[in-house]
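# Geometric and topological summary
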Amino acid sequence: MNIKDLQRLPVGYLNTPLEFMPHLTETMQTGKLYIKRDDMTGIALGGNKARKLDYLVRYAKDNGYTALMTFGGVQTNHGRLTMAAAIKYGLKPILVLKGAKPDYCSGNLILSRLMGADIYFVDTTEAEKVPQEKQDAAKKQFLEECTAKIVAKYEAQGDKVLNIPVGGQGIIGSAGYIQAIPEIMQQMKEQNITARYLVSGYGSTGTFAGLWAGAKYYNAPFEVIGIPIEPDYRTKEETAEFINELSQYYDMGFKCRPEDIHLEIGGAHPYGGVGYNEPDPITQQYIKMLAEQEAIFVDPCYTGKVFHGFIDLLRRGVIPHGENAIMLHTGGAPGLWSKEHLDDMQKQFWSDEENITVLKF
Ligand SMILES: Cc1ncc(COP(=O)(O)O)c(C=O)c1O
């Protein structure tokens with residue numbers, strides 16, 4: 001199938017703003033810096049997964065599915081947006097979360113709760129008692145058993161459940177980011193922007209792989225650089241293989257080698273911080289930097305790390321001095337209001353009195 005023939009259903013908004021960041025450009029004294037605002041895809045507070053869901057929901061509707069089920073960590077943005085897409089198109093929203101049920105419901109979780117999603121926690125805390133070498137397999141097996149039970153429950157009620165992988169990762173979802181490339185190129189033309197670099201997050205990799213494939217296919221004037229958002233990330237080999245699957249499936253006619261993929265991990269302080277969704281003070285500093293400079297919020301799990309990488313690439317000259325660059329903002333700000341991050345941010349942002357004045361009666 002040719003990518004241009006693939007049909008979508010609008011879940012969020014396309015043509016998200018491509019904005020110049022004047023203050024950050026002034027501060028960094030490099031080339032012109034831009035941000036592509038995919039945090040503004042609209043639906044349910046927005047984010048990158050809306051673009052993937054455009055194609056996933058179309059697939060669900062075309063194939064008679066009545067429910068969307070997906071997976072993620074307790075604070076999954078992808079889960080929030082999949083639940084929103086299900087609601088928008090009259091499908092049943094089913095969210096399977098890997099982890100223990102927290103005592104306090106916050107951030108993305110409360111948003112999914114407000115949308116009335118059916119929420120399941122797959123809690124493998126007890127699996128810690130299984131011998132170390134067998135733990136991963138035991139957890140995986142438990143998740144598979146839980147998934148099968150959940151699906152069977154809905155099927156018994158007459159539903160057909162579309163099982164969407166973590167992050168919306170896959171051939172269908174990535175179409176959203178292949179097709180983001182002509183949108184960005186058109187905006188660059190209209191706004192007279194030249195940029196040789198597009199910096200994006202690299203998680204389940206559907207976003208990065210779609211961008212990479214789209215940039216190659218549409219002959220984009222920029223290179224896509226990926227910033228892994230956790231210390232333990234998918235290899236270039238795995239991603240190249242997935243990009244080649246995209247190329248084959250959508251008849252795009254190119255090959256990607258692992259060495260064609262440009263990832264930047266960082267040095268003494270990796271951009272991915274200390275772990276998946278774990279609060280860290282360096283990422284928090286970068287969240288504050290972009291908020292102070294441009295009044296744009298990035299998040300502690302994904303985009304704060306990507307922004308850290310973006311700034312460091314400018315400082316290190318990986319993006320050469322004087323070259324213009326775009327950062328893709330993939331959303332995630334609801335994570336700022338998750339309990340673990342709010343609690344942790346008190347230390348850095350609420351423990352001193354700078355710029356805070358209390359005027360008492
Ligand atoms: C806000 C945000 N940015 C980036 C990503 C990473 O995107 P991908 O999983 O397509 O690599 C995610 C994934 O959930 C996300 O929620």
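The structure this text deals with has already been given above.
The notes below deal with the structure included here. (Residues numbered from 1 in each chain as written. Predicted model: local features only at pLDDT ≥ 70, side-chain atom pairs only at ≥ 80, totals over all residues.)

## Re unusual backbone geometry
- In this model, aspartate 251 sits at a positive phi of 60°, which is unusual for a non-glycine residue.
- Along the polypeptide, aspartate 251 turns up in the loop between helix H9 (236–249) and strand E9 (262–263).
- Non-glycine residue asparagine 355 carries a positive phi angle of around 65°.
- Relative to the assigned elements, asparagine 355 resides in the segment after helix H12 (339–349). (Helix = DSSP H or I, 4+ residues; strand = E, 2+ residues; numbered from the N terminus.)

## Considering helix H8 (residues 206–217)
- Between the first and last C-alpha of H8 there are 16 Å, a value that for twelve residues agrees with the 16 Å anticipated at 1.5 Å per step.
- Here H8 lies mainly inside the structure; twelve of its twelve residues are buried.
- Among the residues making up H8, those that are buried are Gly206, Thr207, Phe208, Ala209, Gly210, Leu211, Trp212, Ala213, Gly214, Ala215, Lys216 and Tyr217.
- Its buried side turned inward, H8 meets helix H2 (49–62), helix H6 (171–178), helix H7 (180–190), strand E7 (197–202), strand E8 (223–228) and H9.
- One or two positions beyond H8, positive phi appears at asparagine 219, with a value near 55°. (Expected span 1.5 Å × (residues − 1). Buried ≥ 20, exposed ≤ 12 C-beta atoms within 10 Å, placed from the backbone. Contact = placed C-beta atoms within 7 Å.)

## Regarding the environment of proline 279
- By the element assignment, proline 279 lies in the loop between E9 and helix H10 (281–294).
- Remark: the alpha-carbon pair of proline 279 and histidine 341, spanning 62 residues in sequence, is separated by 5.9 Å.
- Setting aside anything within four residues of it in sequence, one finds proline 279 in contact with Pro300, Glu340, His341 and Asp344.

## Quick look at the nonpolar core
- Grouped together as the largest cluster of nonpolar side chains are 85 residues, with contacts concentrated most on Leu68, Tyr197, Val199, Leu211, Trp212 and Ile326.
- Summarising the domain contributions, this core has at least three residues from each of domain 1 (3–47 + 170–349) and domain 2 (49–168).
- Residue contacts for tryptophan 212: discarding those within four places in its chain leaves Val224, Ile243, Cys256 and Ile261. (Core = buried A, V, L, I, M, F, W, Y, C linked by C-beta atoms within 7 Å. Domains from an automatic or database assignment.)

## Description of the pairing of strand E3 (residues 67–72)
- Within E3, six of the six residues are buried, which leaves the element mostly enclosed by the surrounding structure.
- Residue alternation in E3 divides its side chains into two sets, Ala67, Met69 and Phe71 and Leu68, Thr70 and Gly72, and both sets are buried.
- Summarising the sheet, E3 and strand E4 (residues 92–98) pair through six bridges and their orientation is parallel. From the neighbouring strand, leucine 68 faces E4, where its bridge partner is proline 93.
- In this fold, E3 hands off to helix H3 (residues 77–88), which returns the chain to E4; that crossover is right-handed.
- When E3 meets strand E6 (residues 161–164), the two strands line up parallel, connected through four bridges. (Pairing = 2+ DSSP bridges. Right-handed = clockwise from strand over helix to strand, strands pointing away.)

## Focus on the pairing of strand E2 (residues 33–37)
- In terms of burial, E2 is a largely internal element, four of the five residues being buried.
- Relative to E2, strand E1 (residues 18–20) runs antiparallel, the two sharing three bridges. Bridge pairing in E2 places leucine 18 opposite lysine 36.

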